[in-house]
Amino acid sequence: MYFLTINEAPEGVLKSQAFDVCRFLEKEFKIKVTLIALISVRNFFNTRKEFKKNYHNTIVLPSFPGINNWKKNLITLNCILFLKKKQTIIARGVFASWLALYCKKVNWVAFDGRAAYAAEWLEYFQDNSQLISSYIKETEKEVVDKANGRLAVSQKLVDYWHTYLGSTPSNYVVIPCTLNSAIDSSIDKEKIKTLREKLGVKENEILIVTSGSTYAWHGIKLLYTYLGDALSGNENIKLLMLSKPGAEKPLKDKYPDRVIQQWVEYSSVMDYLRAADYAFFAQEDSISNVTRTPVRFAEYMAAGLTALVSNNVGDYSEMVVAKNCGIILDHINWETIQRPPFEEKLRIRDIGESLFRKEVYTEQYKKLLNL
């Protein structure tokens, strides 16, 4: 079996959604899984080294330069598999799946659908390539229609296939973005206390955390609005931004002693999340955003954090209300919000374990891969 990814860096998201999936499939189904990564020629050897360090059985190849030349990578894929037997391939995203569909050495294509790709391109990425934008919707529909198996990260993504693309696939599974299996589920009360003291957060103070990218389309403007209200409405609230320096500035300038910026190694992220009380997640209202189930949400729950979410976060906005593990942002009274007890952190951690471990979805993976 193969797992194909194209033009993606071997960073946090791939750790849980590619490398960890390959390891899980090998262990669970006793099959050999080869990861094939087509990457940019820029920094090729350093990136290749990182791929191979993260997963033992990896083939890393240069992709054709130029964003509009992605289809030419079919030549590379056919060449590398020329002497191999026909096998199943999990293809991550629309572009990798299209290549897999037309590769001669593939007999079962499992489309790993992580996003509403056409809507995403047309809403946010048109400037990257007008050419791709002109045909991305037809390409995504072709992939959804022709793939043998389909993985959707949310039921809302399946709804998008129906309403936006006009596709009616029946052979699909819903598997949200799951946790990296290396994440330890234990929560140490004393370790949390020590880290909060290091961050300058008092026992009675409420620490809200946000982690990951700060792109505009991920809701950074909403963060400034909502958490600006939070900081002005409750002097016991502090904000921890686990992001690269700069994004914190608008709030840091106004609340210099209550906004904390940290950029830490991936291996340390969970420790910082566990030290917080609430996790903030808001995103712009758009067709593509409403289908998303980002992996950092799974990490928030695994850390035992009560989620503060906008009402358009994939399947999660409804889920946090149903399972009483989060609050819709428009319903929050910042003046009266309290720090949750430690027992609540453990309860939410357990919900996260029941929803976001790959082992929970063994039967879905069997169907996806025709095992």
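Everything here concerns the structure above.
Before going into details, it helps to say that this report is about the structure given with it. Since the model is a prediction, treat every value here as computed from it, not as a measurement. (Residues numbered from 1 in each chain as written. Predicted model: local features only at pLDDT ≥ 70, side-chain atom pairs only at ≥ 80, totals over all residues. Heavy atoms only, no water.)

**Side note on the state of the cysteines**
And step 1. The tally for this structure, following the rule as stated, stands at zero disulfides.
And step 2. Sulfur of Cys22: no disulfide; nearest cysteine sulfur belongs to Cys177 and is 15 Å away.
And step 3. Since its relative accessible area comes to 0%, Cys22 is described here as buried.
And step 4. Take Cys103: it sits in no disulfide, and the sulfur closest to it among the cysteines is that of Cys79, at 9.8 Å. (Disulfide = S-S within 2.5 Å. Buried < 20%, exposed > 50% of the residue type's maximum accessible area, 1.4 Å probe, protein only.)

**Digging into the side chain of Thr291**
And step 1. As for its position among the elements, Thr291 is in the loop between strand 11 (278-281) and helix 12 (295-302).
And step 2. Look at Thr291 and you get buried, because its relative accessible area is 1%.
And step 3. At 2.8 Å, the side chain of Thr291 forms a polar contact with the backbone oxygen of Ser288.
And step 4. Non-local contacts of Thr291, meaning those with residues more than four positions away in its chain, are made with Ala115, Ala116, Val153, Ser154, Lys156, Leu157, Tyr160 and Gly314. (Helix = DSSP H or I, 4+ residues; strand = E, 2+ residues; numbered from the N terminus. Polar contact = N/O pair within 3.5 Å; in protein donor to acceptor, adjacent residues only side chain to side chain. Contact = heavy atoms within 4.5 Å.)

**Details of the sheet that holds strand 5 (residues 106-113)**
And step 1. Strand order in this open sheet of seven strands is 3-2-1-4-5-6-7, and the pairing throughout is parallel. Both outer strands of the open sheet, strand 3 (58-62) and strand 7 (172-174), are each paired with one neighbouring strand and no more. Taken over all neighbouring pairs, the strand axes of this sheet differ in orientation by 20° on average, direction set aside.
And step 2. Sheet topology note: the strand 1 (residues 2-6)/strand 4 (residues 87-92) ladder contains three bridges and is parallel. Each residue of the ladder has a partner; that of Tyr2, found in strand 4, is Ile89.
And step 3. Sitting on the sheet, helix 1 (residues 12-29) touches strand 1, strand 2 (34-39), strand 4 and strand 5, and the angle it makes with strand 1 is about 165°. (Pairing = 2+ DSSP bridges. Axes fitted to C-alpha atoms, helices over the stretch in contact; angles between N-to-C directions.)

**What to know about the pairing of strand 1**
Two faces make up the sheet, and in a regular strand the side chains alternate between them.
And step 1. Most of strand 1 is tucked away, with five of its five residues classed as buried.
And step 2. Side chains of strand 1 alternate between two faces, with Tyr2, Leu4 and Ile6 and Phe3 and Thr5 buried alike.
And step 3. Pairing analysis gives five bridges linking strand 1 to strand 2, with the strands arranged parallel. Looking across to strand 2, one finds that Leu4 is bridged to Ile36.
And step 4. Handedness of the crossover joining strand 1 and strand 2 through helix 1: right-handed. (Right-handed = clockwise from strand over helix to strand, strands pointing away.)

**What about helix 15 (residues 362-369)?**
And step 1. Those residues of helix 15 lying buried are Thr362, Tyr365, Leu368 and Leu369. Buried residues of helix 15, seen end-on, are gathered within an arc of 120° and therefore sit on one face of the element.
And step 2. Contacts made by the buried residues of helix 15 are with helix 1, strand 4, strand 5, strand 6 (149-152) and strand 7.
And step 3. Positive backbone phi, at 60°, marks Asn370, one or two positions downstream of helix 15. (Arc of directions from axis to C-beta.)

**So, the pattern of salt bridges**
And step 1. All chains considered together, the criterion is met by 19 salt bridges.
And step 2. Residue Asp253 is joined to Lys249 by a salt bridge in which the shortest nitrogen-to-oxygen separation is 2.7 Å. Linking Asp253 with Lys249, this pair stays in helix 10 (residues 249-254), spanning four residues, or about one helical turn.
And step 3. Given the relative accessible area of 52%, Asp253 is considered exposed. (Salt bridge = Lys/Arg side-chain N within 4 Å of Asp/Glu carboxyl O.)

**Points about the packing of helix 6 (residues 130-146) against helix 7 (residues 155-165)**
And step 1. Their axes nearest at 11 Å, the elements helix 6 and helix 7 cross at an angle of 125°. The orientation of helix 6 relative to helix 7 falls into the category oblique. At the point where helix 6 passes helix 7, the crossing takes the left-handed sense. For the pair helix 6 and helix 7, the contacting residues are Lys137, Glu140, Lys141 and Val144 in the first and Tyr160, Trp161, Tyr164 and Leu165 in the second.
And step 2. Its residues assigned to classes, the contact of helix 6 with helix 7 comprises five nonpolar, no polar and three charged. (Parallel < 35°, antiparallel > 145°, perpendicular 65-115°, else oblique. Left-handed = near helix turned anticlockwise from the far one by under 90°. Nonpolar A, V, L, I, M, F, W, Y, C, P; charged D, E, K, R; others polar.)

**Some remarks on the packing of aromatic side chains**
And step 1. According to the stated counting rule, one finds 16 aromatic pairs in the structure shown.
And step 2. The interplanar angle of 40° and the centroid separation of 4.7 Å between the aromatic rings of Trp98 and Tyr102 together place this pair among those described as tilted.
And step 3. Plain terms: the ring middles of Tyr226 and Phe280 are 6.3 Å apart, the flat faces sit at 55° to each other, and that makes the pair tilted. Taken together, the positions of Tyr226 in helix 9 (residues 220-233) and Phe280 in strand 11 put the pair 54 residues apart, joining distant regions of the chain.
And step 4. Using a relative accessible area of 18% as the deciding quantity, one classes Tyr226 as buried.
And step 5. Feature note: the residues Trp70, Phe95, Trp98, Tyr102, Trp121 and Phe125 constitute an aromatic cluster, connected by ring pairs.
And step 6. One cation-aromatic arrangement involves Lys71 over Tyr135; the distance from NZ or CZ to the ring centre is 5.0 Å.
And step 7. Seen from the ring of Tyr164, Lys137 lies directly overhead, with NZ or CZ sitting 4.4 Å from the centre. (Phe/Tyr/Trp six-rings, centres within 6.5 Å; stacked < 30°, edge-to-face > 60°. Lys NZ or Arg CZ within 6 Å of the ring centre and 35° of its normal.)

**Thoughts on the nonpolar core**
And step 1. Judged by nonpolar contacts, the single largest core of 73 residues is most densely connected at Leu25, Leu99, Tyr160, Trp161 and Tyr365.
And step 2. Among the elements that take part in this core, helix 1 stands out by supplying eight residues, more than any other.
And step 3. With near-sequence residues (within four places) excluded, Tyr160 lies in contact with Ala116, Tyr117, Ala118, Ala119, Glu140, Leu165, Ile287 and Thr291.
And step 4. Judged by nonpolar contacts, the second largest core, of 38 residues, contains Ala275, Tyr300, Ile348 and Phe356. (Core = buried A, V, L, I, M, F, W, Y, C linked by side-chain atoms within 4.5 Å.)

Taken by themselves, the reported measurements are silent on function.
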